[in-house]
Amino acid sequence: AAVALDNARLLRQSEQLADDMVVLYSASRAMTSSLERAQVLQQIAQAMAIALESSSAVIFDYLPETEEMQVLAAYQVGTIRDSGEVLPDVNDVIAAESYPAWQQALEEMRAVVIRSADTEISVRDRDYLNMRNMHTMILAPLIAQSELIGAVAIIEGRNDRVFTDNELFKAETLASQASVALRQSMLYSEVLELEHLKSEMIRMASHDLRNPLNNITGY
């Protein structure tokens, strides 16, 4: 009986691992399906909310000069009806140093779980969650080439959810993939800008050369 129970447990673990791999693969494909920055941001927020079966997700940019977080994208799962969280608007700025849990996640560069029902969190962190009707949040930093470029908040607004260690690991894995997708979109935007600059310089050079050449040809 003990052997049978142990085999059943291992089978459940294997099935759960396989399901997690499918979720991570699907989310990764969704994040990297485009290079347009606006679309990439929305796809990251959507993929992470769905993968963690949460009610919403918010993507933040990190401003190192002021140590502030600026909202880049927010997504709420459309099929969820009983979630009452109030998501921040795009371009809203949050002072990370005012919220200890946020500051911890950014300084230690690791995901942290913030629950409004947790008696050990700071008053500021709890007030932020309560003000926006959020029960639980995973705040995971976005790190590209050892540089902090932002953070993602995976939010549960329906109930006091306790995220498991496996879900926390999944959030960190997805955040790592999201960082790569964001970095690629930034490089793509820079290439487009350089391409535009090159075309503009060629246009100006050809225009500046055309008049003297026309005069020479006329003479």
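Summarised in this report is the structure supplied together with it. (Residues numbered from 1 in each chain as written. Predicted model: local features only at pLDDT ≥ 70, side-chain atom pairs only at ≥ 80, totals over all residues. Heavy atoms only, no water.)

## Quick look at the pairing of strand 2 (residues 68-76)
Direction of pairing for strand 1 (residues 56-63) relative to strand 2: antiparallel, over a ladder of 8 bridges. Pairing of Ala57 across the sheet is with Tyr75, part of strand 2. If you look at the hairpin formed by strand 1 and strand 2, you'll find 4 residues sitting between the two strands, and Glu67 has a positive phi there, around 55°. Direction of pairing for strand 2 relative to strand 3 (residues 93-95): antiparallel, over a ladder of 3 bridges. The partner of Met69 across the bridge, within strand 3, is Ile94. (Pairing = 2+ DSSP bridges. Helix = DSSP H or I, 4+ residues; strand = E, 2+ residues; numbered from the N terminus.)

## What about the side chain of Ser179?
Tracing the backbone shows Ser179 in helix 5 (residues 165-218). In this structure the side chain of Ser179 is engaged in a polar contact, spanning 2.9 Å, whose partner is the backbone nitrogen of Ile143. Sequence-distant contacts of Ser179, that is, excluding residues within four places in its chain, are made with Leu142, Ile143, Ala144 and Ile149. (Polar contact = N/O pair within 3.5 Å; in protein donor to acceptor, adjacent residues only side chain to side chain. Contact = heavy atoms within 4.5 Å.)

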